[in-house]
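# Observations on chain architecture
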Amino acid sequence: MVDVQGTVADGFEPVRDTFAANFTRHGERGAAMVLYREGEKVVDLWGGTKTPDDGGESGPEASGGGPEPWTQDTAQVVRSVTKGVAAAVPLLLHQRGQLDLDGRVSTYWPEFKAAGKERVLVRHLLAHRTGVPVLDTPLTPAEAVDGISGPRAVAAQRPVWEPGTAHGYHAHTYSWLLGELVRRVTGRTIGRWIAEEIARPLGLDLWLGLPEEQRGRVGRIAAVEALAAPAAHGPRLRPKRSVAEAYRDPESLTRRAFAAITPVPDENDPAYLAAELPASGGVATAEALARFYAALIGPLPSARTARSGGRLFAPATLTMARTEESAGPDRVLVVGTRYGLGYMLHGPACPLLGPGSFGHPGRGGSLAFADPEARIGFAYVTNGMRRGVTADPRAQALVRAVRTSLAAREA
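Report follows, based on the coordinates. Residue numbers here run from 1 along each chain, matching the order of that chain's written sequence. The model is predicted, so local features are restricted to residues of pLDDT at least 70 and side-chain atom pairs to those at 80 or more, both for listing and for counting; the totals for chains, interfaces and linings are taken over all residues. Values reported for side chains reflect all heavy atoms of the structure, with hydrogen atoms and water molecules removed beforehand.

This part takes up the overall build of the protein. Counting from the N terminus, the helices are DSSP H or I runs at least four residues long and the strands are E runs at least two residues long. Helix and strand counts for the protein stand at 14 helices and 14 strands. C-alpha atoms define the radius of gyration, and 2.2 Å times the number of residues to the power 0.38 defines the globule rule. Here the C-alpha atoms of the protein give a radius of gyration of 20 Å, agreeing with the 22 Å that 2.2 N^0.38 yields for 411 residues. Dimensions of the protein, computed from C-alpha atoms along their principal axes, come out at roughly 55 × 45 × 40 Å. Relative accessible area decides the class of each residue, using a 1.4 Å probe on protein chains only: under 20% of the type maximum gives buried, over 50% gives exposed, and in between gives partly exposed. Put simply, the protein has 411 residues, and 56% of those count as buried. Whether two residues are in contact is decided by their heavy atoms, any of which lying within 4.5 Å being enough. A separation of at least 24 residues holds for 67% of the contacts in the protein among residues at least 6 apart in sequence. What sets the accessible areas is the Shrake-Rupley method with a 1.4 Å probe; for residues, cover comes only from the shown protein chains. Split by element, the accessible area of the protein, about 16400 Å² in all, is 50% carbon and sulfur. Counted as positive: Lys and Arg. Counted as negative: Asp and Glu. His and the chain ends are not counted at all. To locate a charge, take NZ of a lysine, CZ of an arginine, CG of an aspartate or CD of a glutamate. Across the protein, 47 positive and 44 negative side-chain charges occur, with their mean positions spaced 5 Å apart.

Here it is in structure tokens:
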């Protein structure tokens with residue numbers, strides 16, 4: 001039995017029980033989960049180990065001391081959960097009058113209009129409608145993080161569909177599309193902007209570009225095998241046949257999108273963690289992500305900022321973030337997906353708390369989102385990576401437990 005640490009407010013005991021059950025039911029290795037409600041933290045849980053049981057390149061296990069335990073301040077690379085944090089940047093720039101969401105990307109980034117992309121709008125980029133989820137020539141891991149090769153590649157890439165007419169998940173190319181747009185508009189890298197305008201004022205342990213002095217806090221990710229579980233414990237573990245076939249086909253948009261960086265980068269590599277990849281490279285604690293989403297929808301009493309009393313999104317910006325921009329068959333993920341401006345929305349492929357929820361999952365398990373109607377910010381992070389992009393059974397079990405707890409409190 002894993003010794004689960006932390007606290008839950010009265011009425012949220014089902015969340016703690018579910019978090020603990022994930023270790024035996026779903027093969028969890030190390031994880032944390034935090035929930036804010038009405039600006040106050042009501043769930044703060046962690047457990048397991050921050051390093052693999054079978055060793056790694058760092059930590060006490062390298063010298064035979066066993067795996068390191070997950071602690072309250074353990075941070076984790078959260079893969080595509082990063083997209084939800086990064087999406088706040090262009091929305092806040094729009095809120096401040098610095099970026100037109102209906103303007104053409106080439107207005108800010110002239111080179112981008114090459115190869116038939118002159119009519120791509122900023123909102124197309126945020127809603128995965130740009131038509132550039134793949135690269136004809138994939139980047140190496142070194143090129144992906146050099147800050148030059150990625151923007152140059154997406155600027156030169158010809159769209160695989162007419163921009164604005166369809167949508168498909170830009171798994172990796174989102175990094176260079178969004179990162180370069182922000183740099184052109186602000187003169188700052190997106191990682192620096194997030195640090196100065198979001199993380200520091202809100203007191204978040206969240207980085208897009210991990211500082212060297214923080215490396216020791218980061219859990220080491222590794223694959224975990226799915227355990228057999230009764231159907232009642234969550235969604236089925238096997239993907240649909242069409243999805244599985246798309247991942248096997250080297251010519252499919254699915255395979256090509258996830259292979260935009262080839263070979264697969266080592267996400268435990270300090271160079272990768274130090275890079276600013278807004279599609280996949282963010283490092284954060286569950287506390288920071290839950291607090292971030294809570295700040296998007298309402299003020300935080302302890303926020304160190306005078307801007308909107310700690311609230312990030314004005315009401316109009318919040319409405320734009322979660323208004324449906326893309327829906328239906330996703331040309332990359334091969335399932336029906338829904339996107340607002342930079343955020344995945346609640347639906348069968350990505351179940352969140354309810355119809356008004358918005359956020360982003362990370363391939364392999366992690367999930368963070370907000371629900372303005374329930375007044376919550378939710379975050380779950382894990383170092384046990386499983387197959388799947390949008391509906392990990394561990395995260396879904398926790399979402400259901402939160403739903404149960406909220407319903408009981410309202411009864």
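Additional details are given in the paragraphs that follow.
Turning next to the nonpolar core. For our purposes a nonpolar core is just a set of buried Ala, Val, Leu, Ile, Met, Phe, Trp, Tyr and Cys residues, chained together by side-chain atoms within 4.5 Å. Ranked by internal contacts, the top residues of the largest apolar core, which has 77 residues, are Ile198, Leu289, Phe292, Leu296, Phe313, Tyr343 and Phe358. Among the elements that take part in this core, helix H12 (residues 286-297) stands out by supplying 10 residues, more than any other. Filtering out sequence-adjacent residues up to four positions away, Phe313 remains in contact with Ala88, Leu91, Leu92, Gln95, Ala295, Leu296, Leu318, Ala321, Tyr343 and Phe358.

Further remarks concern the packing of aromatic side chains. Geometry of aromatic contacts follows a simple scheme: Phe, Tyr and Trp rings, the Trp one being its six-membered ring, pair when their centres are within 6.5 Å, and the pair is stacked under 30 degrees between planes, edge-to-face over 60, tilted otherwise. In this structure the tally under the stated criterion is nine aromatic pairs. Taking the centre distance of 6.3 Å and the plane angle of 50° together, the rings of Tyr169 and Phe258 count as tilted. With Tyr169 in the loop between helix H6 (149-156) and helix H7 (173-186) and Phe258 in helix H10 (residues 253-258), the pair connects residues that are 89 residues apart, well separated along the chain. Assessed through its relative accessible area of 1%, Tyr169 is described here as buried. Between Tyr293 and Phe358 the ring centres are 6.2 Å apart and the planes differ by 70°, which places this aromatic pair in the edge-to-face class. Here Tyr293, found in helix H12, pairs with Phe358, found in strand S11 (residues 358-361); they are 65 residues apart in sequence, far enough to count as distant. Residue class for Phe358 comes out buried when judged on its relative accessible area of 0%. Of the aromatic side chains, those joined through ring pairs into one cluster are Phe292, Tyr293, Tyr343 and Phe358. Sitting over the ring of Phe112, Lys117 keeps its end group 4.9 Å from the ring centre. The criterion for a charge sitting over a ring is simple: Lys NZ or Arg CZ within 6 Å of the ring centre, and within 35 degrees of the ring normal. Over the ring of Phe258 we find Arg363, and its NZ or CZ is 4.2 Å from the ring centre.

What follows deals with unusual backbone geometry. For the bond running from Thr262 to Pro263, omega is 0°, close enough to zero to count as cis. The topology assignment puts Pro263 in the loop between H10 and helix H11 (270-274). For Arg79, which is not a glycine, the phi torsion comes out positive at approximately 50°. Counting through the fold element by element, Arg79 comes out in the loop between strand S4 (76-77) and helix H2 (81-95).

This part takes up the pattern of salt bridges. It is possible for side chains of opposite charge to pair when their charged atoms get near one another. Basic side-chain nitrogens of Lys or Arg form a salt bridge, by our definition, when they fall within 4 Å of a carboxyl oxygen of Asp or Glu. Counted under the stated rule, the structure contains 21 salt bridges. When the shortest N-O distance is used, the salt bridge between Glu325 and Arg123 registers 2.6 Å. One end of the pair, Glu325, is in the loop between helix H13 (315-321) and strand S8 (326-329); the other, Arg123, is in helix H4 (residues 122-126), and 202 residues separate them in sequence. On the basis of relative accessibility, which here comes to 25%, the residue Glu325 falls in the partly exposed class.

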